[in-house]
Amino acid sequence: MKIYNTLTNKKEAFESIEEGKVKMYVCGPTVYNYIHIGNARPLIVFDTVRKYLEYKNYEVTFVSNFTDIDDKIIKKANEEGVDYREISSKYMKEFLIDSEGLNVKPATIYPKATEEIDGMIKVIEQLIEKGYAYEVNGSVYFETKKFKPYGKLSNKNQEDLEAGARIAVDTEKRNPMDFVLWKPKKEGEPAWKSPWGEGRPGWHIECSVMAKKYLGDSIDIHAGGEDLVFPHHENEIAQSEAVNDKQFSKYWMHNRFVNVDNKKMSKSLGNFFTVREIVDEFSYDVIRFFMLNVHYRSPINFSRDLIQAAANGLERIQTSRDNLEHLLKNAQQDDYNEKESMLNEEKELEKYKTKFETAMEDDFNTADAISAIFELVKFANKNTDSDSSNKFIEDIIILIDELCGILGIVSKKKKILLDEEINDLIEKRQQARKDRDFALADKIRDDLKDKGIILEDTREGVRWHRG
RNA sequence: GGCGCCAUAGCCAAGUGGUAAGGCAGAGGUCUGCAACACCUUCAUCAUCGGUUCAAAUCCGAUUGGCGCCUCCA
């Protein structure tokens, strides 16, 4: 299995630190709003990475934090005139709802920044002791010059960074590139006690501390959006490796952005769509499928037309799977019939599975993996009919479900329970068709369509599903 | 100014040295009372220029265009 490692800028063979186990840390959301579909990309992508690792029998410990104290949260709380905790707890809940909708497996642990302050203070103290950090007027800064490898993740060197520094130099700092570990309390803001007076932690220290506490000094995979490479992840490396004297993360994975009109979608630019908005019109399943249609290290453009195209594609997979299930109900033979034996099905199915795995092993090429599913679907559509055997159909269904399952793609259409009223109407329509009263038959079909029930007259009888 | 990424059919998108996967949309056909589904057929030489090679979308160089990071940000 190969993973593209931002640290080395190349694809590397994946070898976990401890055999059979993977420790993974993904930077989680700052909870001050509903997530937008840009936020959904890392969620979906790294959940898929996890699912594939688990499919390969790794025991994955997956940690994803909540940044539940931050300038933006405070700002929003002040705007709404409520306590910051009301904001953070509300949007944590909403995040988990979207997360579940997107078929993201819950993290092993979701640590919250505000519950880890003691640990952060301890690490900051250690950094000061070891000479990597210094205190000025209640603020504590990390002195980047003291950490020699600083810049190794983002391929920057201190001189370039200083030359490019656009922020007005904070006179408190010894060096413009130093970053804050602890900031003093401002009037009206929440604060915690510390050896440097009341205040709150800087953003970067959170992740270093939570990763250490729940995963240990060295982890296998650290992931997040590409914008986190610098400064966030660079700073995490500096903090963690300065304290632990060990490599912090072996592999660093970063997803590219979701764009609108080829421009980055972000809360600050205001050109974003929330996941909820899209779910209203399409569905969580379509969003997930849409995201996985593009390799995670390529930018992906978002538009109504593109997501509609993805919805149509997903429908193709689901329709095929539905048809198979329908055939299975009527299938008689238990063992392969002559035609099926000729097809050498097992070997044929192996081909799609191999293509799928090969794609996934190559830095999680989900786009290519999905094409294997489409090829499997084509094979199924082409080679099954009412004469197919149970065994033949079941084998295909199992494989479709397995492959879709790894990607977290829902392979079945959502159905409601058989409603007698609907069945009555369908029978009525069948009678009308027999009587060649097509006007009535079409009216019944149209009426059902208005209620969201789509009828299809297949060779094997009338079928219906939610539109 | 520094660092990095990208350019494949109407649209989306794999492919990183051996002659272009897959999906959406479109066209023609089969099936069907009609429709839908499905199936069959059809639809590109890979931004431009130059180079390396028996062989390049794939490597090198240049040009043009686009994007990201260097500041909160997935």
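Residues numbered from 1 in each chain as written. Chains lettered and ligands numbered in written order. Predicted model: local features only at pLDDT ≥ 70, side-chain atom pairs only at ≥ 80, totals over all residues. Heavy atoms only, no water.

Participant: Which residues make up the environment of Glu394, and what are the values?
Facilitator: With respect to the helices and strands, the residue Glu394 is situated in helix α14 (residues 390–407). Classification of Glu394 as partly exposed rests on a relative accessible area of 38%. It is 8.4 Å that separates the C-alpha atoms of Glu394 and Glu325, two residues lying 69 residues apart in sequence. (Helix = DSSP H or I, 4+ residues; strand = E, 2+ residues; numbered from the N terminus. Buried < 20%, exposed > 50% of the residue type's maximum accessible area, 1.4 Å probe, protein only.)

Participant: Which residues make up unusual backbone geometry, and what values do they have?
Facilitator: Trans is the common state for peptide bonds, and a negative phi is the common state for residues other than glycine. With an omega dihedral of 5 degrees, the bond running from Phe230 to Pro231 counts as a cis peptide bond. Despite not being glycine, Asn9 shows a phi value in the positive range, around 60 degrees. Inspection of the secondary structure puts Asn9 in the loop between β1 (2–5) and β2 (10–13). With relative accessibility at 37%, the residue Asn9 sits in the partly exposed group. Its identity is not glycine, yet Asn57 carries a phi of approximately 70 degrees, on the positive side.

Participant: Describe in detail the domain arrangement of chain A, supporting the description with residues and values.
Facilitator: Domain boundaries in chain A define domain 1 (318–407) and domain 2 (419–466). Distance from the C-alpha centre of domain 1 to the C-alpha centre of domain 2: 30 Å. (Domains from an automatic or database assignment.)

Participant: Tell me what's going on with the pairing of strand β10 (residues 249–255), and back it up with residues and numbers.
Facilitator: Looking along a regular strand, one sees the side chains alternate between the two faces of the sheet. The buried count for β10 comes to six of seven residues, which makes it a mostly enclosed element. Here strand β9 (residues 219–225) pairs with β10 via six bridges, running parallel. Residue pairing across strands places Ile219 opposite Ser249, the latter belonging to β10. One crossover worth recording links β9 to the parallel β10 by way of helix α7 (residues 229–244), and it is right-handed. (Pairing = 2+ DSSP bridges. Right-handed = clockwise from strand over helix to strand, strands pointing away.)

Participant: Break down the state of the cysteines for me, citing the residues and quoting the values.
Facilitator: Cysteine pairs can be linked by a disulfide, which is a covalent bond between their two sulfur atoms. Going through the model one piece at a time under the given rule, you end up with zero disulfides. We note that Cys27 lacks a disulfide partner, and the nearest cysteine sulfur, in Cys207, lies 3.9 Å from it. By relative accessible area, which is 15% here, Cys27 ends up buried. (Disulfide = S-S within 2.5 Å.)

Participant: So, the side chain of Ser411: which residues are in play, and what are the values?
Facilitator: When you line up the elements, Ser411 lands in the loop between α14 and α15 (420–434). At a separation of 2.7 Å, a polar atom in the side chain of Ser411 contacts the side chain of Asp401. (Polar contact = N/O pair within 3.5 Å; in protein donor to acceptor, adjacent residues only side chain to side chain.)

Participant: Requested: an account of the environment of Val260, with residues and values cited.
Facilitator: As for its placement among the helices and strands, Val260 is situated in strand β11 (residues 258–260). Relative accessible area serves as the criterion here: at 13%, Val260 is assigned to the buried category. Considering only alpha carbons, one finds Val260 and Lys152, 108 residues apart in sequence, at a separation of 31 Å. Residues in contact with Val260, not counting those within four places in the same chain, are Met265, Asn271, Phe273, Asn301 and Phe302. (Contact = heavy atoms within 4.5 Å.)

Participant: Go over the side chain of Lys76, please, and point to the residues and values.
Facilitator: Mapping Lys76 onto the fold places it in helix α2 (residues 71–80). The buried charged residue Lys76 lacks any salt bridge, with Glu80 as its nearest oppositely charged partner at 4.1 Å. In contact with Lys76, other than residues within four places in its own chain, are Tyr32, Asn33, Ile87 and Tyr91. (Lys, Arg positive; Asp, Glu negative; His and termini not counted. Salt bridge = Lys/Arg side-chain N within 4 Å of Asp/Glu carboxyl O.)

Participant: So, the sheet that holds strand β8 (residues 199–201): which residues are in play, and what are the values?
Facilitator: Pairing is antiparallel across the open sheet formed by four strands, whose spatial order is β5-β6-β7-β8. At either margin of the open sheet sits one strand with a lone partner, and together these are β5 (133–136) and β8. Each strand axis lies, on average, 20 degrees off the axis of its neighbour in the sheet, ignoring direction. Judged from the four bridges that link them, β5 and strand β6 (residues 139–142) form a sheet pairing that is antiparallel. Considered in β6, the bridge of Val136 is made with Ser139. (Axes fitted to C-alpha atoms, helices over the stretch in contact; angles between N-to-C directions.)

Participant: Account for empty space enclosed by the protein, with residues named and values stated.
Facilitator: Within the structure shown, the criterion is met by three cavities of 30 Å³ or more. Size it by volume and the largest cavity reaches roughly 50 Å³. Looking at the largest cavity, the residues that line it are Val45, Thr48, Leu292, Val294, Tyr296, Phe364 and Thr366. When grouped by side-chain class, the residues that make up the lining of the largest cavity number five nonpolar, two polar and no charged. (1 Å grid on protein atoms, 1.4 Å probe; cavity = no way out; pocket = protein on both sides within 12 Å on 5 of 7 lines; lining within 4 Å. Points joined across faces, edges and corners; volume = space filled by probe spheres on them. Nonpolar A, V, L, I, M, F, W, Y, C, P; charged D, E, K, R; others polar.)

Participant: Give me the packing of α2 against helix α3 (residues 84–101): which residues, what numbers.
Facilitator: Packing of α2 against α3 leaves a shortest axis separation of 8 Å and a crossing angle of 110 degrees. Judged by the inter-axis angle, α2 sits roughly perpendicular to α3. Handedness of the crossing formed by α2 with α3: right-handed. Of the residues in α3, those touching α2 at Ile73, Lys76, Ala77 and Glu80 are Tyr84, Ile87, Ser88 and Tyr91. For the contact of α2 with α3, a count of residues per class yields five nonpolar, one polar and two charged. (Parallel < 35°, antiparallel > 145°, perpendicular 65-115°, else oblique. Left-handed = near helix turned anticlockwise from the far one by under 90°.)

Participant: Describe the packing of aromatic side chains, naming the residues involved and giving the relevant values.
Facilitator: Enumeration according to the criterion identifies 20 aromatic pairs in this entry. Measuring from ring centre to ring centre gives 5.1 Å for Phe142 and Phe179, while their planes differ by 10 degrees; the resulting arrangement is stacked. Note that Phe142 is positioned in strand β6 and Phe179 in strand β7 (residues 179–184), a separation of 37 residues in sequence. The class for Phe179 is buried, based on a relative accessible area of 7%. (Phe/Tyr/Trp six-rings, centres within 6.5 Å; stacked < 30°, edge-to-face > 60°.)

Participant: Any chance you could break down the environment of Lys146 for me, citing the residues and the numbers?
Facilitator: Positionally, Lys146 belongs in the loop between β6 and α5 (158–164). In this structure, the C-alpha to C-alpha distance between Lys146 and Ala238, residues 92 residues apart in sequence, is 9.4 Å. For Lys146, the residues in contact, after removing those within four places along its chain, are Gly131, Tyr132 and Arg174.

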